[in-house]
Amino acid sequence: VQLQASGGGLVQAGGSLRLSCTASGSTSSRDTVGWFRQAPGKEREFVAAFFRSNHSPYYDTSVKGRFTISRDNAKNTVYLQMNVLTAEDTAVYYCAASKRAILSSITSRSAYEYWGQGTQVTVSS
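Within each chain, residues carry numbers counting from 1 in the order of the written sequence. Residue-level local features of this predicted model are given only where pLDDT is at least 70; pairs of side-chain atoms are given and counted only at 80 or more, and the full residue set underlies all totals for whole chains, interfaces and linings. The basis for the side-chain values is all heavy atoms of the structure; hydrogens and waters are excluded.

Undergrad: Help me get a handle on the side chain of Thr119, residues and values and all.
TA: Here a strand is any run of E in DSSP of at least two residues, a helix any run of H or I of at least four, and the numbering for each starts at the N terminus. Mapped onto the secondary structure, Thr119 falls in strand S11 (residues 119-124). Reaching out from Thr119, the side chain makes a polar contact with the backbone nitrogen of Gly8 at a distance of 3.0 Å. The contact rule is simple, with two residues in contact once any of their heavy atoms fall within 4.5 Å. Not counting chain neighbours up to four residues away, the residues in contact with Thr119 comprise Ala5, Ser6, Gly7, Gly8, Leu19, Ala91, Val92 and Tyr93. Pairs of N or O atoms within 3.5 Å make up the polar contacts considered here, provided that, within protein, one atom can donate a hydrogen while the other can accept it, and that residues adjacent in sequence are counted only when both atoms are side-chain atoms.

Undergrad: So what about the sheet that holds strand S8 (residues 77-82)? Which residues, and what values?
TA: Strand pairing is assigned whenever DSSP identifies at least 2 bridges connecting the two strands. The strand order across the open sheet formed by four strands is S1-S3-S8-S7, and the pairing between neighbours is antiparallel. Only two strands of the sheet have a single partner each, and these edge strands are strand S1 (2-6) and strand S7 (67-72). Mean inter-strand twist for the sheet, computed between neighbouring axes without regard to direction, equals 15 degrees. Summarising the sheet, S7 and S8 pair through six bridges and their orientation is antiparallel. Looking across to S8, one finds that Phe67 is bridged to Met82. Note on geometry: axes are lines fitted to C-alpha atoms, helical ones only across the stretch in contact, with angles between N-to-C directions running from 0 to 180 degrees.

Nothing here speaks to function; it is geometry throughout.
Structure below.
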């Protein structure tokens, strides 16, 4: 599975961006897919994820109500709509996928076998 993330950029505080992650290779609608982010000097942290194909999405509390994850299985693409952005959202955003993750592990980086290259999001205050 190969993942290609795009859509990052520079935005003012309060603005919006939509990230996309397109998968190729041996993809499946049953894969768990998620977004993580890594700010300078910090560890990579969980943002949002879909556990397989028939579960509601999961969000970190820091983004809940502002970010929305969605997936288009026909296009093998996962989106992250980010609204009301703040400077604290500045980070490199990574998409990830897993064929083996269990529900209790989806917020952990180690649960994902496949990673995209990352896309930079910078929010100016």
